Every structure is written in C-alpha cells, then in structure tokens.
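# Residue-level structural notes
So the chains spell out like this:
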Amino acid sequence: MSRQNWEVVIGLEIHAQLNTASKIFSGASTAFGAEANAQASAVDIALPGVLPVLNRGAVERAIRFGLAIDAEIAPKSVFARKNYFYPDLPKGYQISQFELPVVVGGEVTVRVGEGEAAYDKTIHLTRAHLEEDAGKSLHEDFHGMSGIDLNRAGTPLLEIVSEPDMRSAAEAVAYARALHTLVRWIDICDGNMQEGSFRCDANVSVRRPGEPLGTRREIKNLNSFRFLQQAIDYEIQWQIDTIEDGGKIQQATVLFDPDTGETRMMRSKEDAHDYRYFPDPDLLPLMIGEDWIARTRAAMPELPGAMRARFEADWGLSAYDTVTLTVSRDTAAYFEAAVAAAGDAQAKPCANWIMGELAARLNKAERDIADSPVSPAQLAALVGRIADGTISNNAGKKVFDALWNGAGSEVDAIIAAEGLKQMSDTGELERIVDEVLAANPKSVEEFRAGKEKALNALVGQVMKASRGKANPAQVNTVLRAKLGA
C-alpha cells in the first residue's frame, strides 16, 4: 500500500562505546577480543563488598560530545540504577542516568541526499547520558543452551537520544552517519560497528498529517547504516499496512532480520516506570565545574561543520565535496596537506582525485587514508603536472598506479621513465594534424557540414597517431584552426 497521506516520525537512540582503556566503574580492560569472561572484574559483576569508582576519562568524553553539539553540560548529574533481569546483566540492574543526565539538548545539522535534491536538516537532541554496557549472550556456539560472556559488562557507553525530528529513513541514516563521523572526529569512540562500538536503536511511528504521534515500535541493535535504512523502511510500510487493514500498533521492541529484511517482535516495550529507577546509593552526584568545561573546550579540534564552511569559503568547493572530505579527520588532513603542497588553485583537482581515484583504491584495498601508499605531497605533485600540461589526465592515472604500487616515488621520474610527457612541440603536432585531416576527408566534410561529433573522431585519430602524448585541448584548438572553425 502507498505511503501517501502518512507522516513518518523517527527518533534514534545511539550507543557509542567510549574509547577509554578501562571500564566506567572499574579498572578492568575494555579491549575487544579477549577470551570470554577474562575481563569481568568483581566490580563489574557486583560481588558483595565492592564499590564502583567513576572513570574520569568517560566523563571527559561526555563533556567533549556536549560541546561538539552545542549542548548544555549539566553542572550536576546523577547516576541511577535501572532495574531489570536478563541473563547477561550480572547485577540485576544497570547503572545509567535518568532524571539528571550529563548532556542536555544540542543539535546536529546533516546533509540529506545528493545533487540538486539534497537539503540540510537540523536534528535536535534530547540528551546524552553515561551508562555501563551489559554482557553478551552467545547462542550460536551452544546446543540447547546459551553462553554468557561478561567482558562487555561495565564498558562505558554514551547513549545519545534524539528528538523525533526525522521524517524518513534517509534522514535517519544521514543523522546516524553524521554522529558516527562526529564521535570519531572528537576521539571519544572508534566507531567500529562490527565490534559493537556504535549501535543504533530506531523508534518508528506513523500518523496522518496533523494528528498526534502514533504508537512507536523500537528496532534494537542495528549495527550498519544499510540495516538501519532497510529496517526503518520495512517497519514504516508494516505499520501503514497494519493500520490500513484495520489493526492497531502495539508498543514493542523489535529486532531486524537482515536475511529476511523484516522486523519481528522481541517483547512488549517497557516504559520508564517498569525499570524502577532510583539514584545509585554507591555513587555521589557528578559535579562538573566551569573550569573543567573550559579546559576541555580549549583542547577541542576544529569541528566538521566549521571545516566544511571554511573549505567552501576558501576554495569554492560544493557542499557535496565538503561533506565527503570531512568524513573523517584523517581525510580532511590529507586534503589540506595536498592543497598546501599543490597551491590553492589546485584545491578542486586535489578534491577530485581524493574522492575519486584514491577513495576507490582505498576501498578496494580496505585501507584507511592514513595508510595510503600515495602521500599528499605525491598527489599534489601529480595534480601539478596535469595542471601545467606536462601530462594528460589519462597519463596521470598511470602515474598514480606507479605511486600506489611502489614502482616509483617521484612523479617527474615516473613520467620520464614511462615516457608519459605530453607533446610540447607545436610543429610536430601540426604535422600529425595535417596527416590526420588528409587521411579522413569524410570526417572533415561532416564537420564543415555542421556535425560537431565529427571533430571528436578527428581528435581521437590525432591522439592515436601521437600515441596519447598530444594535449587534447591543444589538439582541439589546432584542429579548429586548420578547419577554419
């Protein structure tokens, strides 16, 4: 059935694992991949007589996030016990924050879509609060039972809760991607979705325009942007179909099955009162002074939004270019280093090579740009030789190949060794053009009859005769002059 006459309402809850070396309330390691239960300390599983001690580094990272989204950093926040029973929750409760979270409000502006249809959307945040993660239930490795790994228990999380401001799966994915970039940019989370460091829960409901909010269903633990898109799209259509067929939506927690592309109900959704929150008696209120906030602000890097605006103002790059070049701090740093070496006039060509050839090679090799075999200085030298006419774009790709594969480290040396230098002798070029014109009278006649495509055929013949060494723009000019165009 159609989605026309329905409004979609989406809010996201994102769990970002903070990249501290130890857990939020104990000194146990947070390293990924350890043997099951090797990193579960007495504090993590709440053995009698132990007391939690708050990790200062986790608080520092929460402050950093609050500053990055222009939120209020609460001068006083409180840890609360969230009570529920689950096999991988060793204490029978989770230490979280409820009424007084550490970060309040804030907003993130995201770019949705591409090309002329792209638009900016500002998503408001409700809060971000500190909490500990639970353990993990393992079902695949056991027959007739489940295994419990408590290594994750006590790992520090920042739960980032948005307002229900999103109206499509595309907006939700753009927002999730923007947050993913931001938490890595300010170095509070490694963003590794495969290891569970960045997980999304999507609250989805539908309503007729102008009506009150519909009943929401929460899709849990989405660990890829593709799954987030698919799960929301399926859930939207399922809710619309259910209502139009006369059914009612029940508040519930659901899981997305990537194999079937469908969501399925996990349990009826609890409300806050079901968790019986109360302040944790073992933890004092968290007090954050202005001096701590000021010190943290002074150490913050330039944020992606400010950098995008600067790239646009200084170098005239498009919104699409600036978003792509600021997908990570390493990408932005590579671009700036290349422009610094090549000169401001070459900013756009540098951007094109980074977003095109370099990005394709990195993706294929599954490498980060920080590990690129081609340095910013080498890319700048390559761009410079194309700009000054020494080599063509096609020859530039051959030079890039050599740099990538380690066949050479100096752009000029590769050009010389491979014989890639464009023809600079005008007399030699004119001789080749004369021969091509004499050998292709039909194309000459067609061009003079007004067929512009005939010129392309002649350019191709000249390039072939020069073995690719002629400058295409120069060839075009000489041909037009010879043909009286």
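The name given to the protein in an unreviewed UniProt entry is Aspartyl/glutamyl-tRNA(Asn/Gln) amidotransferase subunit B, with Denitromonas iodatirespirans as the source organism.

## Some thoughts on empty space enclosed by the protein
Taken as a whole and assessed by the stated rule, the structure comprises one cavity of 30 Å³ or more. Taken as a whole, the largest cavity encloses approximately 40 Å³ of empty space.

## Topic: the packing of helix H8 (residues 347-365) against helix H10 (residues 393-404)
For the pair H8 and H10, interaxial distance at closest approach is 12 Å and the crossing angle is 40°. In terms of crossing hand, the pair formed by H8 and H10 is right-handed. Together, Trp 353, Glu 357, Leu 358, Arg 361, Leu 362 and Ala 365 of H8 and Asn 393, Gly 396, Lys 397, Phe 400, Asp 401 and Trp 404 of H10 make up the contact between the two elements. Of the residues that constitute the contact of H8 with H10, the class distribution is six nonpolar, two polar and four charged.

## Comments concerning the sheet that holds strand S16 (residues 278-279)
Read from one edge of the open sheet, three strands run S5-S4-S16, paired in antiparallel fashion. Only two strands of the sheet have a single partner each, and these edge strands are strand S5 (93-97) and S16. In terms of strand pairing, strand S4 (residues 79-83) meets S16 through two bridges, oriented antiparallel. Following the sheet pairing, Ala 80 is matched in S16 by Pro 279.

## Quick notes on the pattern of salt bridges
Taken as a whole and assessed by the stated rule, the structure comprises 25 salt bridges. Put simply, Arg 207 and Glu 7 hold a salt bridge, and the shortest N to O gap is 2.7 Å. Separated by 200 residues along the polypeptide, Arg 207 in strand S12 (residues 198-207) and Glu 7 in strand S1 (residues 7-17) bring together distant segments of the chain. Note that Glu 357 and Arg 361 form a salt bridge whose closest N and O atoms lie 3.3 Å from each other. Here Glu 357 and its partner Arg 361 are both found in helix H8, four residues apart, which amounts to about one turn of the helix. Take Glu 357: its relative accessible area is 22%, and that puts it in the partly exposed class.

## Some thoughts on the domain arrangement of the protein
According to the domain assignment, the protein contains domain 1 (7-293), domain 2 (302-418) and domain 3 (426-483). Inter-centroid distance (C-alpha atoms) of domain 1 to domain 2 is 36 Å. Each partner contributes to the interface: domain 1 provides nine residues, whereas domain 2 provides 13 residues. When domain 1 packs against domain 2, the two sides together hide about 850 Å² of surface, and 69% of this comes from carbon and sulfur.

## Focus: the pairing of strand S11 (residues 156-162)
With seven of its seven residues buried, S11 lies for the most part within the structure. Alternating positions in S11 separate into two faces, Pro 156, Leu 158, Ile 160 and Ser 162 on one and Leu 157, Glu 159 and Val 161 on the other, with burial throughout. With seven bridges joining them, strand S8 (residues 119-132) and S11 adopt antiparallel strand pairing. Bridge pairing links Ala 128 to Ile 160 in S11.

## Some thoughts on the nonpolar core
Within the largest apolar cluster, 104 residues are counted, with the highest numbers of intra-cluster contacts made by Leu 12, Phe 65, Leu 130, Ile 160, Tyr 175 and Phe 335. The residue makeup of this core includes at least three contributed by each of domain 1 (7-293) and domain 2 (302-418). Leave out the neighbours within four places in its chain, and Leu 12 touches Ile 160, Val 161, Ser 162, Met 166, Ala 172, Tyr 175, Ala 176, Asp 201, Ala 202 and Leu 228. In this structure, Val 433, Leu 437, Phe 447 and Leu 458 belong to the second largest nonpolar core, which totals 19 residues.

## A look at helix H13 (residues 441-448)
Turning to H13, its buried residues are Ser 443, Val 444 and Phe 447. All buried residues of H13 project into a common sector of 100° when viewed along the axis, lining one side. Exposed residues on H13 whose side chains face more than 90 degrees from its buried face are Pro 441, Lys 442 and Glu 445.

## So, the packing of aromatic side chains
Scanning the entire structure with this criterion turns up ten aromatic pairs. With a centroid separation of 5.8 Å and 70° between ring planes, the pair formed by Tyr 84 and Tyr 275 is classed as edge-to-face. Within this pair, whereas Tyr 84 is found in the loop between S4 and S5, its partner Tyr 275 is found in the loop between strand S15 (262-268) and S16, the two being separated by 191 residues in sequence. Residue Tyr 84 is classed as partly exposed on the basis of its relative accessible area, which comes to 25%. Taken together, the ring pairs in this structure connect Tyr 84, Phe 98, Tyr 275 and Tyr 277 into an aromatic cluster. One residue, Arg 56, lies across the ring of Trp 292, its end atom 4.1 Å from the ring centre. The ring of Trp 238 has Arg 217 lying over it, and the distance from NZ or CZ to the ring centre is 4.0 Å.

## Examining the side chain of Thr 326
Secondary-structure assignment places Thr 326 in the loop between helix H6 (319-325) and helix H7 (329-342). By relative accessible area, Thr 326 is classed as buried at 0%. In this structure, Thr 326 is in contact with Thr 181, Trp 185, Pro 304, Met 307, Arg 308 and Phe 311, ignoring residues within four places of it in sequence.

## Some remarks on the packing of H10 against helix H11 (residues 411-418)
In contact at an axis separation of 10 Å, H10 and H11 are set at 115° when each is read in the N-to-C sense. With respect to their mutual orientation, H10 and H11 come out roughly perpendicular. The crossing of H10 and H11 is right-handed. The segment H10 lies against H11, with Val 399, Ala 402 and Leu 403 engaging Val 411, Ile 414 and Ile 415. Here the residues of the contact of H10 with H11 sort into six nonpolar, no polar and no charged.

## Some remarks on the side chain of Ser 328
Position of Ser 328 relative to the elements: it lies in the loop between H6 and H7. Not counting residues up to four positions away in its chain, the partners in contact with Ser 328 are Arg 184 and Trp 185.

## A short note on the pairing of strand S7 (residues 107-112)
The two faces of a sheet get side chains in turn, since along a regular strand they alternate between them. Side chains Val 108, Val 110 and Val 112 project from S7 onto a buried face, and the interleaved Glu 107, Thr 109 and Arg 111 project onto a face without burial. The sheet contact formed by S7 and S8 spans six bridges and is antiparallel. Bridge pairing in S8 places Thr 109 opposite Thr 122. Counting the residues in the hairpin turn of S7 and S8 gives six residues, including Gly 113, whose phi is positive at 80°.

Basis of the calculations
Residues numbered from 1 in each chain as written. Predicted model: local features only at pLDDT ≥ 70, side-chain atom pairs only at ≥ 80, totals over all residues. Heavy atoms only, no water. 1 Å grid on protein atoms, 1.4 Å probe; cavity = no way out; pocket = protein on both sides within 12 Å on 5 of 7 lines; lining within 4 Å. Points joined across faces, edges and corners; volume = space filled by probe spheres on them. Axes fitted to C-alpha atoms, helices over the stretch in contact; angles between N-to-C directions. Helix = DSSP H or I, 4+ residues; strand = E, 2+ residues; numbered from the N terminus. Left-handed = near helix turned anticlockwise from the far one by under 90°. Contact = heavy atoms within 4.5 Å. Nonpolar A, V, L, I, M, F, W, Y, C, P; charged D, E, K, R; others polar. Pairing = 2+ DSSP bridges. Salt bridge = Lys/Arg side-chain N within 4 Å of Asp/Glu carboxyl O. Buried < 20%, exposed > 50% of the residue type's maximum accessible area, 1.4 Å probe, protein only. Domains from an automatic or database assignment. Buried area = accessible area lost by both parts, 1.4 Å probe. Core = buried A, V, L, I, M, F, W, Y, C linked by side-chain atoms within 4.5 Å. Arc of directions from axis to C-beta. Phe/Tyr/Trp six-rings, centres within 6.5 Å; stacked < 30°, edge-to-face > 60°. Lys NZ or Arg CZ within 6 Å of the ring centre and 35° of its normal. Parallel < 35°, antiparallel > 145°, perpendicular 65-115°, else oblique.

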